[in-house]
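Structural overview
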Amino acid sequence: MPFKRPKFRAHVKAHKTVIGNERWFRKGSPFLGKPFTVKKAVERYATVVKILSRAGKRAARAGNDELADAYRHLRAKLKKCRPRRRCGSSACPKCARAFQRAKVAAEETIIADLANARADKHLVLVTIIPRHMTYRQGQFSQIDVLKANRWLKDVLARHGFDRVILGSVDRGF
Ligand SMILES: [Zn+2]
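Since the model is a prediction, treat every value here as computed from it, not as a measurement.

Cut-off values and rules
Residues numbered from 1 in each chain as written. Predicted model: local features only at pLDDT ≥ 70, side-chain atom pairs only at ≥ 80, totals over all residues. Helix = DSSP H or I, 4+ residues; strand = E, 2+ residues; numbered from the N terminus. Buried ≥ 20, exposed ≤ 12 C-beta atoms within 10 Å, placed from the backbone. Contact = placed C-beta atoms within 7 Å. Core = buried A, V, L, I, M, F, W, Y, C linked by C-beta atoms within 7 Å. pLDDT = per-residue confidence, 0-100. Expected span 1.5 Å × (residues − 1). Axes fitted to C-alpha atoms, helices over the stretch in contact; angles between N-to-C directions. Parallel < 35°, antiparallel > 145°, perpendicular 65-115°, else oblique. Left-handed = near helix turned anticlockwise from the far one by under 90°. Arc of directions from axis to C-beta.

**Some words on the overall build of the chain**
Each helix and strand counted, the chain has 5 helices and 0 strands in total. From first element to last, N terminus to C terminus, the chain shows the α and β order α-α-α-α-α. Of all 173 residues assigned to the chain, the portion counted as buried reaches 11%. Look at the contacts in the chain between residues 6 or more apart in sequence, and 57% of them connect residues 24 or more apart.

Below is the structure:
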């Protein structure tokens, strides 16, 4: 079966806006900490490209052509990532850093606005890791963020949770 390119179904405009603005790829505010500097992102990018290359070869040797094609396709996509022609893949450490910085900037603005508009409320930070949404290496393509988001909203609504919620999905491997 040939590699099937995933399609974004939502947040396309936000995605394009971030990868179209080099500000998010440079130094500056918001600063995400020493592990997420431009230099570290560039180093991680080189590492990820090498990992994808090795994984593609390993999959081809094992006879898994579909997986090998997927690794090769992703590697090729990341290799083309450069200023004003960003790949936009969340697997790309450069683009992932840009998305993270844009998200933090947006959250800082929203939180400041909410602090003024809802001064009687408290900000609560929560990390939710649903057991049924943990994946092993090689299963990341099964992650359906929109479905996960819908599930969480439904669960919270079913339990009478009626508050402003800011959130994001964080993936790591
Ligand atoms: Zn990229």
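**Describing the nonpolar core**
Note on soluble globular proteins: their nonpolar side chains tend to be buried together. Core analysis: the biggest nonpolar cluster contains 9 residues, these being V18, I19, W24, F25, A41, Y45, C92, C95 and A98. Those residues in contact with Y45 that sit more than four places away from it in its chain are C92, P93 and K94.

**Topic: the confidence of the model for the chain**
Mean pLDDT for the chain: 89, with 92% of residues reaching 70 or above. Here helix α1 (residues 12–19) is the element of the chain with the lowest mean pLDDT, 89, and helix α2 (residues 38–61) is the one with the highest, 97.

**Quick word on α2**
At 3.6 residues per turn, the α-helix brings residues three or four places apart onto the same side. Over its 24 residues, α2 extends 35 Å from the first C-alpha to the last, a length consistent with the 34 Å expected when each residue adds 1.5 Å. For α2, the set of buried residues is A41, Y45, L52 and G56. Of the surrounding elements, those touching the buried residues of α2 are α3 (65–79) and α4 (93–117). The first or second residue beyond α2 is G63, which carries a positive phi of 85 degrees.

**Here's the deal with the packing of α2 against α3**
Each packed pair of helices is defined by two parameters, the angle between the axes and the distance between the axes. Taken N-terminus to C-terminus, the directions of α2 and α3 make an angle of 160 degrees; their axes are 8 Å apart at the nearest point. In this view, α2 runs roughly antiparallel relative to α3, as classed from their interaxial angle. Every pair of crossing elements has a handedness; the one defined by α2 and α3 is left-handed. Facing V48, V49, L52, S53, A55, G56, A59 and A60 of α2, the residues of α3 in contact are D65, L67, A68, Y71, R72, L74, R75, L78 and K79.

**Details of unusual backbone geometry**
Most peptide bonds take the trans configuration, and most residues that are not glycine carry a negative phi. The linkage connecting S29 with the following residue, P30, adopts the cis geometry, with an omega of 0 degrees. Within the secondary structure, P30 sits in the loop between α1 and α2. The phi angle at R84 is positive, at roughly 65 degrees, despite the residue not being glycine. When the 9 C-beta atoms within 10 Å are taken as the criterion, R84 is described as exposed.

**What to know about α3**
An ideal rise of 1.5 Å per residue puts 21 Å on 15 residues; α3 measures up with 21 Å between its terminal C-alpha atoms. When α3 is considered as a whole, its buried residues turn out to be A70, Y71 and L74. Along the long axis of α3, the arc covered by the buried residues comes to 95 degrees, so they all point the same way. Its buried side turned inward, α3 meets α2.

**What about the environment of V49?**
Along the polypeptide, V49 turns up in helix α2. For V49, a count of 18 C-beta atoms within 10 Å gives the class partly exposed. Remark: the alpha-carbon pair of V49 and P93, spanning 44 residues in sequence, is separated by 10.0 Å. With residues up to four places along the chain from it excluded, the contact list for V49 reads R75, L78 and K79.

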